[in-house]
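The primary structure of each chain is shown beneath.
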Amino acid sequence: MGALEREITKCINESDDLREKVQYAISVPGIAELSAATILAECGPLDKYSSRQLGAYSGLAPQLFNSGTSIRGCRINKRGPSRLRQILYVCSVAGGKNHSPLVALHSRITQQGKKPIQARCAVMRKLLLIVRAVVVNKTFYDKKYVKNA
């Protein structure tokens with residue numbers, strides 16, 4: 001463990017509120033302590049964002065590029081912090097290996113004809129929204145939870 005990681009762990013342990021938020025965040029598969037601290041540091045208080053606002057802030061929301069009548073495609077807008085997208089990419093790769101809903105989302109999007117990187121961005125956004133949900137609701141991640149339709 002490096003000096004920076006020890007300092008981050010020390011800061012987390014000194015603050016009860018931050019320690020509680022990190023504990024909720026690391027219950028999500030693929031999110032480690034350093035990843036959770038980075039997400040919380042880059043986004044600030046997650047309860048100030050709606051899910052849509054957080055997706056837009058992170059730079060993972062799709063944006064349509066057009067001019068007049070020509071449509072040049074849809075890409076992520078990349079307007080948010082790049083460090084947040086980097087850490088979410090690593091977490092989505094780690095969490096996507098054994099977390100069946102994220103694997104299912106990735107395969108569903110690629111079967112629709114999208115590129116694998118587009119599917120990875122969708123998984124990154126979903127992972128960020130899951131972290132937001134567990135931190136804001138102050139609950140640990142439950143892999144058996146099914147949202148009511």
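Residues numbered from 1 in each chain as written. Predicted model: local features only at pLDDT ≥ 70, side-chain atom pairs only at ≥ 80, totals over all residues. Heavy atoms only, no water.

Participant: Just checking my understanding: could you explain the overall build of the protein chain for this structure?
Facilitator: Each helix and strand counted, the protein chain has seven helices and two strands in total. Traced from its N-terminal end to its C-terminal end, the protein chain shows the element sequence α-α-α-α-β-β-α-α-α. Here the C-alpha radius of gyration of the protein chain, 16 Å, is about what a compact globule of 149 residues would show, namely 15 Å. When the backbone C-alpha atoms are referred to their principal axes, the protein chain occupies close to 55 × 35 × 30 Å. Out of the 149 residues belonging to the protein chain, those deemed buried represent 34%. As presented, the protein chain carries roughly 9400 Å² of accessible surface, and 52% of it is formed by carbon and sulfur atoms. The averaged location of the 10 negative side-chain charges in the protein chain is 17 Å from the averaged location of its 24 positive side-chain charges. (Helix = DSSP H or I, 4+ residues; strand = E, 2+ residues; numbered from the N terminus. Rg over C-alpha atoms; globule rule 2.2 N^0.38 Å. Buried < 20%, exposed > 50% of the residue type's maximum accessible area, 1.4 Å probe, protein only. Areas by Shrake-Rupley, 256 points an atom, 1.4 Å probe, with all protein chains shown as cover. Lys, Arg positive; Asp, Glu negative; His and termini not counted. Charge placed at Lys NZ, Arg CZ, Asp CG, Glu CD.)

Participant: Could you clarify how one ought to interpret the environment of Lys97 in this entry?
Facilitator: Relative to the helices and strands, Lys97 resides in the loop between helix H5 (82-96) and helix H6 (100-111). Separated by 67 residues in the primary sequence, Lys97 and Gly30 have C-alpha atoms spaced 8.8 Å apart.

Participant: Quick question: what am I supposed to make of helix H2 (residues 16-25) here?
Facilitator: Considered for burial, the residues of H2 that qualify are Val22, Tyr24 and Ala25. Relative to the axis of H2, the buried residues are bounded by an arc of 160° and lie together on one face. Each element contacted by the buried residues of H2 is listed here: helix H1 (3-14), helix H3 (33-43) and helix H7 (116-137). (Arc of directions from axis to C-beta. Contact = heavy atoms within 4.5 Å.)

Participant: Which parts of the structure should I look at to understand the side chain of Ser92?
Facilitator: Summarising the element assignment, Ser92 is placed in helix H5. A residue is classified by how much of its surface remains accessible, and Ser92, at 0% relative accessible area, is buried. Residues within four places of Ser92 in sequence aside, it is in contact with Arg120, Val123, Met124 and Leu127.

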